[in-house]
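A structural walkthrough
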Amino acid sequence: MRIAISTAWVGGAGGVERAVWTMVKALRGHDVVVFAQSVIQSELLPSEADCEIRQFNTKLPWPWTVWRKLQPLREILTEPSEGYFDLYIHFRQAIPLHHVIRAKRKAIVCAGAQLGALERDFDVVMSEGVDGSRFTSGLLPVVLAPPPHIPVTREEVAAPNLPEKFFLTVFNPYAAVKGADIMIRLADSLSLPLVWCYSDLTLALPTQMAAHERIVHVPNPNQATLNHLYKRCSAYVSFSRSEGFGWAIADAIANMKPVYTRAVGVATLFLGQSGLHIYSTEKELAQLLAGSPATEARYDLSPFSEELFLNRIRGIIEDPVLSSKGS
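Residues numbered from 1 in each chain as written. Predicted model: local features only at pLDDT ≥ 70, side-chain atom pairs only at ≥ 80, totals over all residues. Heavy atoms only, no water.

1. Some words on helix H1 (residues 15–26)
- Under the 1.5 Å per step criterion, the end-to-end length of H1 is 16 Å for 12 residues, consistent within 8% with the ideal 16 Å.
- Most of H1 is tucked away, with 10 of its 12 residues classed as buried.
- Every buried residue of H1 is accounted for by Val 16, Glu 17, Arg 18, Ala 19, Val 20, Trp 21, Thr 22, Met 23, Val 24 and Ala 26. (Helix = DSSP H or I, 4+ residues; strand = E, 2+ residues; numbered from the N terminus. Expected span 1.5 Å × (residues − 1). Buried < 20%, exposed > 50% of the residue type's maximum accessible area, 1.4 Å probe, protein only.)

2. Quick notes on the nonpolar core
- Among the nonpolar cores identified, the biggest contains 60 residues, and Ile 3, Ile 5, Ile 89, Phe 91, Met 126, Leu 168 and Leu 229 are the most heavily contacted of them.
- Those residues within four positions of Ile 89 in sequence are excluded, and the remaining contacts are Ile 3, Ala 4, Ile 5, Ser 6, Met 23, Ala 107, Val 109, Met 126 and Ile 313.
- In terms of nonpolar packing, the next biggest core, distinct from the first, is built from 24 residues, Phe 167, Met 209, Phe 239 and Tyr 279 among them. (Core = buried A, V, L, I, M, F, W, Y, C linked by side-chain atoms within 4.5 Å. Contact = heavy atoms within 4.5 Å.)

3. Some thoughts on the side chain of His 228
- One can find His 228 in helix H4 (residues 223–232).
- On the accessibility criterion, His 228 (13% relative accessible area) is buried.
- Dropping the residues within four chain positions of it, His 228 is found in contact with Glu 156, Val 157, Ala 158, Ala 159 and Leu 162.

4. Regarding the layout of surface pockets
- Quantified by volume, the second largest pocket comes out at close to 270 Å³.
- Surrounding the second largest pocket, 14 residues form its lining, His 149, Pro 151, Arg 154, Asn 227 and Asn 255 being those nearest its centre.
- Sorting the residues of the lining of the second largest pocket by element identifies H4 and helix H5 (247–254) as the ones contributing at least two each.
- Ranked by residues supplied to the lining of the second largest pocket, first place goes to H4 with three residues.
- Residues belonging to the lining of the second largest pocket are distributed by class as follows: five nonpolar, five polar and four charged. (1 Å grid on protein atoms, 1.4 Å probe; cavity = no way out; pocket = protein on both sides within 12 Å on 5 of 7 lines; lining within 4 Å. Points joined across faces, edges and corners; volume = space filled by probe spheres on them. Nonpolar A, V, L, I, M, F, W, Y, C, P; charged D, E, K, R; others polar.)

5. Digging into empty space enclosed by the protein
- Under the criterion given, the structure shown has one cavity of 30 Å³ or more.
- One number sums up the size of the largest cavity: a volume of about 40 Å³.
- In terms of lining residues, the largest cavity is bounded by Cys 110, Ala 111, Gly 112, Met 126, Ser 127, Glu 128, Gly 132, Phe 135 and Gly 244.
- Broken down by class, the residue content of the lining of the largest cavity amounts to four nonpolar, four polar and one charged.

6. Remarks on the sheet that holds strand S2 (residues 31–40)
- Judged by pairing direction, the sheet is parallel, and its seven strands sit side by side in the order S3-S2-S1-S4-S5-S6-S7 without closing on themselves. With partners counted over all chains shown, the strands left at the sheet margins are strand S3 (52–55) and strand S7 (142–144), one partner each. The sheet shows a mean angle of 30° between the axes of neighbouring strands, taken without regard to direction.
- Where strand S5 (residues 102–109) meets strand S6 (residues 124–127), three bridges bridge the pair, whose relative direction is parallel. Looking at the pairing, Ala 107 lines up with Val 124 of S6.
- Lying over the sheet, H1 contacts strand S1 (2–11), S2, strand S4 (84–91), S5 and S6, oriented at roughly 150° with respect to S1.
- Those strands touched by helix H7 (residues 306–318) are S1, S4, S5, S6 and S7, and its axis lies near 115° from that of S4. (Pairing = 2+ DSSP bridges. Axes fitted to C-alpha atoms, helices over the stretch in contact; angles between N-to-C directions.)

7. Quick notes on the packing of aromatic side chains
- One pass over the structure, following the stated rule, counts nine aromatic pairs.
- With a centroid separation of 6.4 Å and 80° between ring planes, the pair formed by Phe 35 and Phe 85 is classed as edge-to-face. In this pair, Phe 35 sits in strand S2 while Phe 85 sits in strand S4, placing the two residues 50 residues apart along the sequence.
- The class for Phe 35 is buried, based on a relative accessible area of 11%.
- A relative accessible area of 4% means that Phe 85 is categorised as buried.
- Over the ring of Phe 85 we find Arg 2; its NZ or CZ atom is 4.2 Å from the centre of that ring. (Phe/Tyr/Trp six-rings, centres within 6.5 Å; stacked < 30°, edge-to-face > 60°. Lys NZ or Arg CZ within 6 Å of the ring centre and 35° of its normal.)

Written as structure tokens, this is what we have:
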């Protein structure tokens, strides 16, 4: 398969960056080109052996209306095999390249954001969770195609000065949707201290981070340190009001840890399984965290399968029912 992926960032630290790294890793052995506005050195930067990375300037030479008008002429002048992809995957936060990338199928990943007018220019929505249709207006078919869970590393590095027992949360407080305000309001009632991890590798964080005596800050942890924290924590807590996928929740599930979360993103793939504790309101979460943390978690990890992801990709490319806006 020949796959094109467009993203605002490649490398760095965040959900989209982890999703791109994971997709590229799952597609190793195939021809993958990543078009990125920003390339950031980090352990989430895909290997040159796995893909080609092309950085493009955000100041494009013509407005999109001109690109759209040039499309028929470009198709005549370009050989069908030249620069042609089986599938173009666009992450919502990036500048869209659907008018200039030739592909049999064009898919969009919501990544936790409403699609808006972009829907009309794609063939299908690749949903990261069962709830993915809430980011769409219903114009396009929605295919459940969550990224597989592939460990970035299996190494563990201990973080210093950890409490003996603790809750863990991992998020960057870019916006209110991440729930930093909820975390602070509930901090006094937590039955255990809370370890909070965040990173400014991709985007700058607020100069004054939320502080509380019950919250232990771990800034810019690498994946080996995160592995240690997931293994050590008593349970994982998501304060997010919404998620596209939710990589921190996925990591906690992969480590067989109890998880407290709303029914969003990756959590919707594991509803009803032992260890997943769903809440709907802040009051419900407060009651859960004030008591003794859950001690048992057992998950069926089959939704994290690489083969399942690859089969979904092949299905999108080969599905004769999908109307094609390709080429």
